[in-house]
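Listed here are the chains, written in short residue letters.
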Amino acid sequence: MKIVDNSSSLLALHKVTKVFQVGTFLSKVKIYAVRDVTLTIEEKPMVFTLVGESGSGKTTLANALLRVIAPTEGSILFLGRNIQEYKQSEFIRLVQPIFQNPYETFNPLKKVEVYFRSVINRLRIADHRGCAFEKVVDQALNSVALTWEEVRGKYLHEFSGGQLQRLSIARALMVNPKLLVADEPVSMLDASLRVFVLNLFRKLKEEKQLYVIYITHDLATAYYISDRIAVMLRGSVVEVGPAEKVLLTPLHPYTALLKESVPNPYKKQEKVEFQEQEEHVLEIEEYVGEGCKFVLRCPHAKDICKKEVPPDVSVDGAVVKCWLYK
Ligand SMILES: Nc1ncnc2c1ncn2[C@@H]1O[C@H](COP(=O)(O)OP(=O)(O)OP(=O)(O)O)[C@@H](O)[C@H]1O
Ligand code: SF4
Ligand SMILES: [Mg+2]
């Protein structure tokens, strides 16, 4: 999580914090959805996964990366430049979102091709009246194993959920972006389509040199697809490193707790265990302290853990936010 060299990184987040204020004028409560996230993603095509339980701040961080919300504090550099400095037309050519629910991406009353035409019109990618339109769309569709022939003239209800998610990915690919930010993109798909879409991300990374930020609370898919993983807990990144290392030999006691959920095709109950942990977390949600967010559940907790925010420590190619390693 230490910034080593911003100029050679794809993304460099420095102390990114997002505070939401909820409640009335008289009783305002501050929610630290994301707190002090300092993180670098190097410029090398990869699937970088943000994993964490519900409410840990994944979507808030994704929205900050997509400029949907502005951080309350901190900065985000994309290719060495603050993301706020990019013109909107520049930014959407570089960074594209993929959402959880493909049915919300498309209006049921419009032909799906309308969306492809509007991207092309807006960004002047091709002359939409001529054959260039079909060429650009066909290329984008081919990368998600669809063709223009299959899509032309059709409405939302004529596609399956998996096809729609592939269409939303194709639409994002039309601008030839550098980075996809995919927030729970497969959680609404059934198992076989899930694998298909995840494989597609891997293929896009390899063939198109794409960067994918994959956001999930599901460790099984995280393990399957990721090159690097950042584990989020209550707004903070508590461990980041190579996916296999983080999930198989975790350093942070919280990641160690999650390790039980690492996919094993022979152990069916693993995902259930993770969900139970999520419920347990929600039960103690009211705890807000200055020290480590995991202190109430940590078997290794020391006095200092309650009082001071743990430092980020580099250990064996990973970075861990924990007093145990200081
Ligand atoms: N617009 C908002 N106003 C107030 N609080 C918010 C807002 N958006 C998010 N939060 C709060 O910020 C915290 C982080 O939410 P966020 O949606 O980023 O979590 P998440 O990790 O994406 O969760 P999930 O896995 O359920 O999608 C939660 O406590 C949430 O209630
Ligand atoms: S900082 Fe302390 S409480 Fe937090 S995970 Fe490490 S040892 Fe446990
Ligand atoms: Mg979310």
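Residues numbered from 1 in each chain as written. Chains lettered and ligands numbered in written order. Predicted model: local features only at pLDDT ≥ 70, side-chain atom pairs only at ≥ 80, totals over all residues. Heavy atoms only, no water.

Caption draft 1: Quick look at the sheet that holds strand E11 (residues 312–315). The strand order across the open sheet built from eight strands is E6-E7-E8-E3-E9-E10-E12-E11, with neighbouring strands paired in mixed fashion. The sheet is open, and its two borders are formed by strand E6 (95–98) and E11, each paired with just one other strand. Mean inter-strand twist for the sheet, computed between neighbouring axes without regard to direction, equals 20°. Pairing of strand E7 (residues 179–183) with strand E8 (residues 211–216) involves five bridges; the strand directions are parallel. The residue bridging Leu179 from the neighbouring strand is Tyr211, located in E8. Docked against the sheet, helix H8 (residues 191–208) engages strand E3 (47–52), E7 and E8, running at close to 165° with respect to E7. (Pairing = 2+ DSSP bridges. Helix = DSSP H or I, 4+ residues; strand = E, 2+ residues; numbered from the N terminus. Axes fitted to C-alpha atoms, helices over the stretch in contact; angles between N-to-C directions. Contact = heavy atoms within 4.5 Å.)

Caption draft 2: Highlighting the pairing of strand E4 (residues 73–78). Bridging between strand E1 (residues 9–23) and E4 involves five bridges; their strand directions are antiparallel. What sits directly across from Ala12, in E4, is Leu77. Summarising the sheet, E4 and strand E5 (residues 81–82) pair through two bridges and their orientation is antiparallel. Its bridge partner being in E5, Phe78 is matched across the sheet by Arg81. Between E4 and E5, which pair antiparallel in sequence order, lie two residues; one of them, Leu79, sits at a positive phi of approximately 50°.

Caption draft 3: Summary view of the packing of helix H4 (residues 113–123) against helix H7 (residues 161–173). One way to put it is that H4 packs onto H7 with a least axis distance of 10 Å and a crossing angle of 10°. With respect to H7, the axis of H4 lies roughly parallel. Only Leu167, Ala170 and Arg171 of H7 make contact with H4, whose side of the interface consists of Tyr115, Phe116 and Val119. Here the contact of H4 with H7 is composed, by residue class, of five nonpolar, no polar and one charged. (Parallel < 35°, antiparallel > 145°, perpendicular 65-115°, else oblique. Nonpolar A, V, L, I, M, F, W, Y, C, P; charged D, E, K, R; others polar.)

Caption draft 4: A look at the packing of aromatic side chains. Per the stated rule, a full pass over the model turns up four aromatic pairs. When the centroid spacing of 5.1 Å and the interplanar angle of 85° are considered together, the rings of Phe106 and Tyr115 count as edge-to-face. The burial state of Phe106 is the same as that of Tyr115; both residues are buried. Ring plane angle 65° and centroid distance 5.4 Å describe the contact between Tyr254 and Phe294, whose orientation is recorded as edge-to-face. (Phe/Tyr/Trp six-rings, centres within 6.5 Å; stacked < 30°, edge-to-face > 60°. Buried < 20%, exposed > 50% of the residue type's maximum accessible area, 1.4 Å probe, protein only.)

Caption draft 5: Summary view of the side chain of Ser168. Considering the arrangement of structural elements, one finds Ser168 in helix H7. Since its relative accessible area comes to 7%, Ser168 is described here as buried.

Caption draft 6: Seen up close, the site of ligand 1. Every residue close to ligand 1 is listed here: Phe20, Val22, Ile31, Ala33, Glu53, Ser54, Gly55, Ser56, Gly57, Lys58, Thr59 and Thr60. Side-chain polar atom of Thr59 to an oxygen atom of ligand 1: 2.8 Å apart, as the coordinates give it. Elements supplying a minimum of two residues to the shell around ligand 1: E1, strand E2 (28–42) and helix H1 (58–65). No other element matches H1, which puts three residues into the shell around ligand 1. The class makeup of the residues in the shell around ligand 1 is four nonpolar, six polar and two charged. (Near = heavy atom within 4 Å. Polar contact = N/O pair within 3.5 Å; in protein donor to acceptor, adjacent residues only side chain to side chain.)

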